[in-house]
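Listed below are the residues making up each chain.
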Amino acid sequence: MDVLGQYGSGSSDNESDSGAAPEAVVRQYREDTAPDVAGYVPQRSELTAYIAPGQREIRHNVPFAVLAQPLAGPADSAGEFAPRARLLTSGQAEAQAVDEHAFREQERRFRQRGHANDPSLGAEGRLVKESADTAIAAGGGGRNNRGLQRKPKGDVAVLDGDGAYLGPWAGYEGEARGEAAGPSAEQLAAYEERQGASGVGAPAGGPAGDRAAKPRAAYVAGQPERTVFHGQAERDYQGRTYMHVPVDLRQGEVGDQRCFAPKQMVKEWRAHAGGVSAIRFLPDSGHLLLSSGMDGQVKIHDTHSSLRTLRTYIGHAKAVRGISFAPDGATFLSSSYDGTTKLWDTETGQCRQQFAASNTVPYVARFYPEDPNVLLVGQGDRKIVQWDARANEIVQEYNQHLGAINSLTFFDGNRRFVSTSDDKSMRVWEFGIPVVIKLVADPSMHSVPAVALHPSQKWLVGQSMDNRIVVYSAGERIKPHRRKEFTGHLTAGFACQPALSPDGRILVSGDSEGGVWCWDWQTCRVVERWRGHDKVAIGAAWHPREASRVATCSWDGSVRLWD
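Residues numbered from 1 in each chain as written. Predicted model: local features only at pLDDT ≥ 70, side-chain atom pairs only at ≥ 80, totals over all residues. Heavy atoms only, no water.

Chemist: How should the overall build of the chain be read in this particular structure?
Modeler: Counting its secondary structure elements, the chain contains seven helices and 31 strands. Taking all 563 residues of the chain together, the buried fraction comes to 38%. Across the chain, every contact between residues at least 6 apart in sequence was considered, and the portion connecting residues at least 24 apart equals 44%. As displayed, the chain offers around 33,700 Å² of accessible surface, 49% of which is attributable to carbon and sulfur atoms. (Helix = DSSP H or I, 4+ residues; strand = E, 2+ residues; numbered from the N terminus. Buried < 20%, exposed > 50% of the residue type's maximum accessible area, 1.4 Å probe, protein only. Contact = heavy atoms within 4.5 Å. Areas by Shrake-Rupley, 256 points an atom, 1.4 Å probe, with all protein chains shown as cover.)

As structure tokens, then:
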């Protein structure tokens, strides 16, 4: 380096004395690792360092222009800077004094009419009363029918026809109250034509490949029942049908493995038009899933290998409310609003028998687990009837409820069963004896339309209409478990069927907003929840063999499988 530094450092005197030629000078260049880009001039704000709001010490020189900048931040409703306001992700929260009654009134108006008053427009936080013009423009129609002319009350002496006495019930001119509302005959014909062209359960705007192959099949009462097989062949090369349990299905005792909440959707079936009312897994194996719909049809799906719809059972003129498998899964029951309960062959689709009581609707039907030839049917006339399928006649009646029967559940070694009703009570019966041995009722108790039995056979789980899942002991004494209840979901007004995992550790249920909830049985805490459907998730069922496979159904017409 010393030699390099001597280049160009010689004096002029030495050069003149020696008379030699001047030596070459080596220039040193400085490298700029961050050159300026042509045409780009950095702004002053980019050259200044960031100062945190709570910073008390500045370790660099700050220009006066930066220190003189005005304060910046969120402003309140008056446009003033409010650094101490409560900041949220969506904006800023301010204290507002609103009367509780006025708030509830505006909440109901928003739910019913879709609009409400802004409390921030009034002085001191008071609500501003809307005018009639504003209400009519918003679609609310005004209050007290302002602007409408009252109809004449009529003549007191005239009872029927023109000029009849209407009194204070006369109404207003131009209102459509009491008149039939709905599409016209032309609109109905066009709708039916579109439905026939698109097929059953075709999603709106979906591809043609996702639509059903055939249009909705109507059934008229009195016609013979029929079935439709959707596969290529009913039997395989060994002569086995879909009832054969797959060889690769997990074997072992039910509930011998720890279960977990599902994480993702595996399959979605859109087979029912108008909504799905109930789902049931095939007992013991669970490789088939039965679903009933508002279209009066029952369908069975493969949940193990192909994940396809296998067969449709057509035999009800109205919506099917409930379904129930026999203990061996060879047959199942379907109860419908057409007033009939039918016994079907799961494998062939043949309707073996029909049970119909006079002038009533069967709400729920269950096989007696000890004898598949005996079944119980809970009806809308407050009765529970016991049918003998061999004689096709009613052999016993249980008649002490004060409302329609909602659920029937066997327990205690199938010696007893519990029934729930719209009369907000639970009654325990000895099978075959039409005398109530236990009545569970309380003034604060709500209706329990759906009940499930815990795998340990020690607890009964019921969906209460006050947004709770209540627990009752299923031993010798039937009493509520006050310290164990599951909350958080909204089910008031909907009979959402709960289900438990095979090991009894997790409880799953849907809600009125389409959500699916999973609770831990021991702690009653929410383990997992997700949005499963677009409408009410009315039913849930846990696979008897798989640790984290759950099926849910909804009024949006879909059945979804989760794992």
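Having seen the structure, we can now continue with the description.
Chemist: What should I look at first to understand the nonpolar core in this one?
Modeler: Burial of nonpolar side chains together is a common tendency in soluble globular proteins. Counting residues in each nonpolar core, the largest one holds 16 residues, and the members touching the most others are Tyr 242, Leu 288, Leu 290, Val 298, Ile 300, Tyr 313 and Phe 332. If one sorts the elements of this core by residue count, strand E9 (residues 320-325) sits on top with three residues. Apart from residues no more than four positions distant in its own chain, Tyr 242 is found in contact with Phe 229, Glu 234, His 287, Leu 288, Ile 300, Leu 310, Arg 311, Tyr 313, Thr 346 and Glu 347. Within the second largest apolar cluster, 14 residues are counted, among which are Leu 307, Ile 538, Ala 541 and Val 559. (Core = buried A, V, L, I, M, F, W, Y, C linked by side-chain atoms within 4.5 Å.)

Chemist: Which parts of the structure should I look at to understand the pairing of strand E5 (residues 276-281)?
Modeler: Side chains on a regular strand alternate between the two faces of the sheet. By the criterion of burial, E5 is predominantly enclosed, with five of the six residues buried. As paired elements, E5 and strand E6 (residues 288-293) share five bridges and run antiparallel to each other. Bridge pairing in E6 places Arg 280 opposite Leu 290. (Pairing = 2+ DSSP bridges.)

Chemist: Please explain the pattern of salt bridges as it appears in this structure.
Modeler: Side-chain pairs of opposite charge can arise where the charged atoms are in close proximity. Applying the stated criterion across every chain yields a total of 22 salt bridges. Put simply, Asp 371 and Arg 390 hold a salt bridge, and the shortest N to O gap is 3.5 Å. Separated by 19 residues along the polypeptide, Asp 371 in strand E14 (residues 371-379) and Arg 390 in the loop between strand E15 (384-388) and strand E16 (393-398) bring together distant segments of the chain. Classification of Arg 390 by relative accessible area gives exposed; the value is 56%. Here Arg 415 ties to Asp 412 by a salt bridge, and the two come within 2.5 Å at their closest N and O atoms. The partly exposed category is assigned to Arg 415, whose relative accessible area is 41%. Each of Asp 412, Arg 415, Arg 416 and Glu 430 takes part in one network of salt bridges that share partners. (Salt bridge = Lys/Arg side-chain N within 4 Å of Asp/Glu carboxyl O.)

Chemist: Would you explain the packing of aromatic side chains in this entry?
Modeler: Each aromatic ring pair is characterised by the separation of its centres together with the angle its planes make. With the rule as written, the count across this model stands at 19 aromatic pairs. For the ring pair Tyr 313 and Trp 344, a centre distance of 5.8 Å and an interplane angle of 70 degrees mean the geometry is edge-to-face. Of this pair, Tyr 313 sits in strand E8 (residues 309-314) while Trp 344 is found in strand E11 (residues 340-345), placing the two residues 31 residues apart along the sequence. This pair shows no difference in class: Tyr 313 is buried, exactly as Trp 344 is. Pairing Phe 410 with Phe 417 gives two aromatic rings, centres 5.6 Å apart and planes at 50 degrees, and the pair type is tilted. Accessibility assignment for this pair places Phe 410 and Phe 417 in one class, buried. Members of the aromatic cluster, joined through ring pairs, are Tyr 368, Tyr 398, Phe 410, Phe 417, Trp 429 and Phe 431. Across from the ring centre of Tyr 363, 4.7 Å away, lies the NZ or CZ of Arg 321, which sits over that ring. (Phe/Tyr/Trp six-rings, centres within 6.5 Å; stacked < 30°, edge-to-face > 60°. Lys NZ or Arg CZ within 6 Å of the ring centre and 35° of its normal.)

Chemist: Looking at this model, I keep getting lost on the sheet that holds E5. Mind explaining?
Modeler: Strands belonging to one sheet form pairs held by backbone hydrogen bonds; the direction of such a pair is parallel or antiparallel. Spatially, five strands are ordered E3-E8-E7-E6-E5 in an open sheet, and the strand pairing comes out antiparallel. Each of the sheet's edge strands pairs with one partner strand only, and the pair in question is strand E3 (226-229) and E5. Within the sheet, the average angular offset between the axes of one strand and its neighbour, ignoring direction, is 20 degrees. (Axes fitted to C-alpha atoms, helices over the stretch in contact; angles between N-to-C directions.)

Chemist: Would you explain the state of the cysteines in this entry?
Modeler: The bond known as a disulfide is covalent and runs between the sulfur atoms of two cysteines. Under the counting rule described, the total for this entry stands at zero disulfides. Considering cysteine sulfurs only, Cys 496 is the nearest to Cys 553, which forms no disulfide, with 9.2 Å between them. For Cys 553, a relative accessible area of 0% corresponds to the buried category. (Disulfide = S-S within 2.5 Å.)

Chemist: What's the story with empty space enclosed by the protein in this structure? I'm lost.
Modeler: The method is simple in principle: a probe with the dimensions of a water molecule rolls over the atoms, and the space it marks as empty is what remains. Under the defined criterion, the tally for this structure stands at two cavities of 30 Å³ or more. Volume-wise, the largest cavity comes out at about 50 Å³. Those elements that place two or more of their residues in the lining of the largest cavity are strand E12 (351-356) and E14. Here the lining of the largest cavity is built from residues that sort into six nonpolar, four polar and no charged. (1 Å grid on protein atoms, 1.4 Å probe; cavity = no way out; pocket = protein on both sides within 12 Å on 5 of 7 lines; lining within 4 Å. Points joined across faces, edges and corners; volume = space filled by probe spheres on them. Nonpolar A, V, L, I, M, F, W, Y, C, P; charged D, E, K, R; others polar.)

Chemist: Can you help me understand the pairing of strand E20 (residues 436-440) in this one?
Modeler: Relative to E20, strand E19 (residues 426-430) is paired through four bridges, and the arrangement is antiparallel. Across the sheet, Val 428 pairs through a bridge with Lys 438, a residue of E20. In textbook terms, the turn of a hairpin is the stretch between consecutive antiparallel strands, and for E19 and E20 this stretch comprises five residues, one of which, Gly 432, has a positive phi near 90 degrees.

Chemist: Would you mind going over the sheet that holds E11 with me for this structure?
Modeler: An order of E9-E10-E11-E12 is seen for the four strands of this open sheet, with the pairing classed as antiparallel. This sheet does not close on itself; its edge strands, each paired only once, are E9 and E12. Averaged over all neighbouring strand pairs, the angle between strand axes comes to 20 degrees, with direction disregarded. As paired strands, strand E10 (residues 331-336) and E11 are joined by five bridges and run antiparallel to one another. Note that in E11 the partner of Ser 334 across the bridge is Lys 342.

Chemist: Please clarify how the side chain of Gln 379 should be interpreted in this entry.
Modeler: Note that Gln 379 resides in strand E14. The buried category is assigned to Gln 379, whose relative accessible area is 4%. Those residues in contact with Gln 379 that lie beyond four places of it in its chain are Ala 357, Thr 360, Val 361, Pro 362, Tyr 363, Val 385, Ala 404 and Ile 405.

Chemist: What am I meant to see in the environment of Met 465 here?
Modeler: Relative to the assigned elements, Met 465 resides in the loop between strand E22 (459-464) and strand E23 (468-473). For the pair Met 465 and Ala 450, spaced 15 residues apart in the sequence, the C-alpha separation amounts to 9.8 Å.

Chemist: Mind showing me how you'd approach helix H5 (residues 100-113) here?
Modeler: Residues spaced three or four apart along an α-helix face the same direction, because each turn holds 3.6 residues. The terminal C-alpha atoms of H5 lie 20 Å apart, and with 14 residues this matches the ideal 20 Å at 1.5 Å per residue to within 8%. Buried within H5 we find Ala 102, Gln 106 and Arg 109. Projected down its long axis, H5 carries its buried residues within an arc of 60 degrees, all on one side. In H5, the exposed positions angled more than 90 degrees off the buried face are occupied by His 101, Arg 111 and Gln 112. (Expected span 1.5 Å × (residues − 1). Arc of directions from axis to C-beta.)

Chemist: Could you clarify how one ought to interpret the confidence of the model for the chain in this entry?
Modeler: For residues with low pLDDT, the predicted coordinates do not support detailed interpretation. Here the chain averages 80 in pLDDT, while 74% of its residues score no lower than 70. This model gives residues 11-18 a pLDDT under 50, and the stretch forms two contacts once residues within four places in sequence are excluded. Note on residues 200-217: pLDDT is under 50 here. Beyond four places in sequence and across chains, it has 25 contacts. (pLDDT = per-residue confidence, 0-100.)

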